[in-house]
Amino acid sequence: MANSNLPRRIIKETQRLLSEPAPGISASPSEDNMRYFNVMILGPTQSPYEGGVFKLELFLPEEYPMAAPKLGRICLDILKDKWSPALQIRTVLLSIQALLSAPNPDDPLSENIAKHWKSNEAEAVETAKEWTRLYASGA
Amino acid sequence: MGNFWSGRRRHNYFHYPPPPPPPHHHHLPPPYYYSAESHPPPPPPPPSQGYFITNTYVTPPPLPAPPLPPTSHPQAHSFSYPNGYSNCPNYGNSMTGRYQYQPYYVNQGTSGWPAIRPTAGPANPPPPYVDHQAAKKVKNDVNVHKDTLRLEVDERNPDHHLVSFVFDALYDGSITIFYFAKEVETCKFIPLFPEVEPVRIPFHKGAGQNFCQTSGTGIDLGFFALDDLSKPSEGEDVFPLIICAETYSRTPSADENLSESTPDVSPNMQITQAVLEKNGSGSFQVKVVRQILWIDGARYELRELYGIGSSTAADFNDSDPGKECVICMTEPKDTAVLPCRHMCMCSECAKALRLQSNKCPICRQSIEELIEIKINNSNQ
Ligand SMILES: [Zn+2]
Ligand SMILES: [Zn+2]
């Protein structure tokens, strides 16, 4: 079973995430697979995502920390070529939180949304707010 | 939802050193040095006798000076640990846990001013796999704490400035203060301006001593141009301020066979080279450019190591993130990366890392050497 051979580092990271959670971020391991985390990140205040709760799934591959955590479709360089084993789950989640504060339309996952964002930031912010309300609010 | 942005450009501050132990600043000891110098031997037995200074150097790689990577600035600086000896809880007073190592021999045993390895070089192809070098300790007899070096106005003689600093000495010896002097042969300095005579002041052995130049022996810096004071000159081997700390005698210790009677035994000396900058309030600020150590005819240049301070295995505490290897977060750090000087891994993880990357985990500079530093060994 995946949990029987969990590296000390993962155990420690998990303990620290639970005992000293970063503000606005919660990450808890799944009971049947301690390499699998359910993550919630609150939309940063003053951002279009304020009031939203963003749920993510994070998975620590066998090679972690030599390889980056797996995190779905998020374009974050530290999850790719800029990964360093000195980074941790916490630093990754903080980076994502920072991304919510300052989206980077120059490196988009969605070309349309990025175009929208670049050509009409105000409107894009409104859209983000609306979607936050619709899809990322409440539990 | 919410997955459509990316952070390639905006989040640079996360790319750079993910400072490992964020909330524990107060546990972080002062900056460390690699090079042939250092202080508290690992778990320094209460500074009782003679063992409070331990130095570490590294066996010389049989290569010419390796080129440094092209981008050597963004480097470690932002990552160095806060200064202040008092911050270090691990040691007794005096030699608060600084270690200095040197990665290369710079001219062993010859006299004259040896070439210093270049500080920059052309970008090179990725370095070949470099195995660990084990650091070896050498002892230096005297150490000037470079960040305590000050230049203050002589109150009884307001045109003149006096030097002060904290130092440790295993033996009696002397401090010599030079202004604008050039090292002409091993440990011999010639002042550029003969009228500015060096000041020599004897000291007794002891750790954590305050050196304060006596009133009346100071220097009138008005004699020099500010511009000259603020930088080294003549191919960088003339420094505005040089402190030579030298011990007179040395009782032979177990690991060396020093013939005490030989009159011209090579001196054991620490040379601190500094420039002086006038700050806004008109007072001078001392900036140490370099510290050099001469031990038994070998010259070592002292360099800081980042992160070593928090890792003495002696009181390694499993729950202190500052001391643990950034990779396994379990073992104490004992391996430093060169040239970036990040002490950040345990040796096992360093070996594992080298199998798949040649980038420092902290700063992503190429790894040219890994140096294993066993500061907790009692075998030396
Ligand atoms: Zn390790
Ligand atoms: Zn580094």
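Source: prediction; values computed, not measured.

## A closer look at the overall build of chain A
- Within chain A, the regular secondary structure consists of 4 helices and 3 strands.
- Listing every helix and strand of chain A by position from the N terminus yields α-β-β-β-α-α-α.
- Here chain A, with 139 residues, has 50% of them falling under the buried criterion.
- For chain A, long-range pairs separated by at least 24 residues make up 45% of all intrachain contacts whose partners lie at least 6 apart in sequence.
- For chain A, the computed accessible surface area is about 7,000 Å², with 53% contributed by carbon and sulfur atoms.

## What to know about the coordination of the zinc ion (ligand 2)
Residue and element names in this part refer to chain B.
- On the protein side, the zinc ion (ligand 2) has Cys340 (SG), His342 (ND1), Cys360 (SG) and Cys363 (SG) as donor atoms, found 2.0 to 2.4 Å from it.
- What the 4 donor atoms of the zinc ion (ligand 2) show is an angle range of 107 to 114 degrees at the metal, which sorts the shape as tetrahedral.
- The sequence pattern describing where the donors of the zinc ion (ligand 2) fall on their chain is C-x1-H-x17-C-x2-C. Residue Cys340 is found in the loop between β16 (335–338) and β17 (342–345), and its partner Cys360 is found in the loop between α3 (347–356) and β18 (369–372); the two are separated by 20 residues along the sequence. Each member of the pair, Cys340 together with Cys360, is buried.

## Overview of the coordination of the zinc ion (ligand 1)
Residue and element names in this part refer to chain B.
- Around the zinc ion (ligand 1), the donor atoms from the protein are Cys325 (SG), Cys328 (SG), Cys346 (SG) and Cys349 (SG), and they sit 2.2 to 2.4 Å away.
- Expressed as a motif, the donor residue spacing for the zinc ion (ligand 1) is C-x2-C-x17-C-x2-C. Taken together, the residues Cys328 in the loop between β15 (298–305) and β16 and Cys349 in helix α3 connect sequence positions 21 residues apart. Just as Cys328 is buried, Cys349 falls in that class too.

## Re the sheet that holds strand β2 (residues 36–42) of chain A
All names here are of chain A.
- Read from one edge of the open sheet, 3 strands run β1-β2-β3, paired in antiparallel fashion. Strands at the two margins of the open sheet, each flanked by one partner only, are β1 (25–29) and β3 (53–59). Adjacent strand axes in the sheet meet at a mean angle of 20 degrees, parallel and antiparallel pairs treated alike.
- Strand direction decides the pairing type here: β2 and β3, joined by 7 bridges, are antiparallel. Its bridge partner being in β3, Asn38 is matched across the sheet by Glu57.
- Docked against the sheet, helix α1 (residues 8–19) engages β1 and β2, running at close to 135 degrees with respect to β1.

## Focus: the pairing of strand β9 (residues 199–203) of chain B
Residues and elements named next belong to chain B.
- Every second residue of β9 is oriented toward a common face, the buried set being Val199, Ile201 and Phe203 and the non-buried set Arg200 and Pro202.
- Alignment of strand β7 (residues 173–185) against β9, held across 5 bridges, turns out to be antiparallel. Residue Thr176 lies in a different strand from β9, and its bridge partner there is Arg200.

## A short note on the side chain of His161 of chain B
All names here are of chain B.
- Residue position: His161 is located in strand β6 (residues 160–169).
- Judged by relative accessible area, His161 falls into the buried class, the value being 9%.
- When near neighbours in sequence (up to four residues on either side) are disregarded, His161 contacts Leu151, Glu152, Val153, Asp154, Tyr179, Gln213, Gly218, Ile219, Leu221 and Phe284.

Conventions used here
- Residues numbered from 1 in each chain as written.
- Chains lettered and ligands numbered in written order.
- Predicted model: local features only at pLDDT ≥ 70, side-chain atom pairs only at ≥ 80, totals over all residues.
- Heavy atoms only, no water.
- Helix = DSSP H or I, 4+ residues; strand = E, 2+ residues; numbered from the N terminus.
- Buried < 20%, exposed > 50% of the residue type's maximum accessible area, 1.4 Å probe, protein only.
- Contact = heavy atoms within 4.5 Å.
- Areas by Shrake-Rupley, 256 points an atom, 1.4 Å probe, with all protein chains shown as cover.
- Donors = N, O, S within 2.8 Å, 3.2 Å for Na, K, Ca; no water.
- Tetrahedral: all angles 85-135°; square planar, octahedral: opposite > 155°, others 65-115°.
- Pairing = 2+ DSSP bridges.
- Axes fitted to C-alpha atoms, helices over the stretch in contact; angles between N-to-C directions.

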